[in-house]
Amino acid sequence: MPLDQPGSTGRLFVPAEVYVERGSQDYPLGRALVERYAGQGIPIIEVEAHHRIERLREVPDRMLPRLKRVLVIGVRKSLRILPNNRSADYIVPFTSSGCSASCLYCYLLCTFFSSSYLRVFVNREEIWAAVERKSSRLADPAVFEIGSNSDLVLEDSVTGSLQWAIERFAGLERGSATLATKFGAIDGLLSLNHRGKTTIRVSVNPEEIIRRIEMGTSPLGARITAANALAAAGYPVALNLAPVIMLTGWREMYGRLLQRLEAELSAGVKRRLFFEIIFMTYGLANEQINREAFPNAENLLDRRCMRPKGRGKYCYSPRIRTEAEEFLVNEIGSLFPGAPVRYIV
């Protein structure tokens, strides 16, 4: 699909400024992106390395919303495909990293501090070649997670790379793809010849959490509509309860969420539906950055019910997590009989 015709997904993200790693324009996608944004009058700044931009590293924490308006265009160097034992057999370092949304619990903020702006990698042919090589060496078909560091539905509105990848996975003999999304703009995916070989896991949370904590993502209704449309187009669809956040009244919030899903999801979704449950991990880096960037936002670090998990990170204590696991699994079993919970983490 031509870059300047990214289907009907629309432009979810228009950058305020674009940083271009030297060498990116040696690739057709890199040239096309630079021409597009230069033609729109958006500043283009050349840099030596996409992961080492001092001008962005020096931005104070309070300016995180400004960083979220940055686009970085680069070339992915690491193509190591690693084993995974959760949603897939392998994790692929794919065509983007970071995001334009401002989820308060952001994993990338927790791990990489402020480097959570959207980076797109233009050497997608080389990335795909690594997937093909890995697949060709496997005795049995494998599932490849391609969205572990970014939301590919969001990225697709910039690069078209998700549509590009879905059509390639359709022809891969011993491999299929999976990815999760918090965005509902999936129209450009619906007419693709995907052959059922890309599973899209729609992340859901109570409306209150999406509005207050997952800022810049699609509302719950749009995500449900997207799940129904994807299933009608033949895609395998799953639901991620991710991340589960134990705010005051969590039982009522997640109970209402699951009841709404049962009422509004189509029979096509329910026919092949499975769930994943992922509890929130929260970092001291998140707390520090959020305090400056979003001073009126919810503080998600509740030491009364959380415990340390590695350096600078917190997770829910075993007692409260076990209580929540039992509640969610029972509710899912009651409302969605036959829909397995693939994993809880």
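To be clear, the structure that these remarks concern was listed above.
All figures in this text were calculated on a predicted structure; none of them were measured in a lab. (Residues numbered from 1 in each chain as written. Predicted model: local features only at pLDDT ≥ 70, side-chain atom pairs only at ≥ 80, totals over all residues. Heavy atoms only, no water.)

So, about the sheet that holds strand β15 (residues 282-283). Here 3 strands make up an open sheet; going across it, the order is β15-β17-β16 and the pairing antiparallel. Two strands lie at the open edges of the sheet, namely β15 and β16 (306-308), each paired on one side alone. Sheet topology places β16 next to strand β17 (residues 313-316); 3 bridges connect them, and they run antiparallel. If you follow M306 over to β17, its bridge partner there is Y316. (Pairing = 2+ DSSP bridges. Helix = DSSP H or I, 4+ residues; strand = E, 2+ residues; numbered from the N terminus.)

Applying the stated criterion across every chain, the model contains 5 aromatic pairs. Where W250 meets F327, the ring centres are 5.5 Å apart and the plane angle is 85 degrees; that geometry is what we call edge-to-face. Placement of W250 in helix α10 (residues 250-264) and of F327 in helix α13 (residues 318-335) is noted, with a sequence separation of 77 residues between them. Grouped by ring-pair contacts, the aromatic residues Y90, W128, F144 and F169 constitute a single cluster. The ring of Y37 carries R36 above its face, with NZ or CZ at 5.4 Å from the centroid. When the ring centre of F274 is taken as origin, the NZ or CZ atom of R342, which lies over that ring, is 3.8 Å away. (Phe/Tyr/Trp six-rings, centres within 6.5 Å; stacked < 30°, edge-to-face > 60°. Lys NZ or Arg CZ within 6 Å of the ring centre and 35° of its normal.)

Turning next to the pairing of strand β10 (residues 175-181). Working note: regular strand, side chains alternate between the two faces of the sheet. Along β10, 7 of the 7 residues are buried, which leaves the element largely enclosed by surrounding structure. Both faces of β10 are covered, namely the face carrying G175, A177, L179 and T181 and the face carrying S176, T178 and A180. Relative to β10, strand β9 (residues 142-145) is paired through 4 bridges, and the arrangement is parallel. Bridged to E145 within β10 is T178. As defined by bridge partners, β10 adjoins strand β11 (residues 198-204) across 5 bridges and the pair is classed as parallel. Bridge pairing in β11 places T178 opposite T199. (Buried < 20%, exposed > 50% of the residue type's maximum accessible area, 1.4 Å probe, protein only.)

Quick look at the environment of A263 now. Counting through the fold element by element, A263 comes out in helix α10. You can call A263 exposed: its relative accessible area is 58%. Put simply, A263 and L335 are 72 residues apart on the chain and 9.5 Å apart in space, counted from C-alpha to C-alpha.

Everything listed here is a matter of geometry and, on its own, says nothing about what the molecule does.
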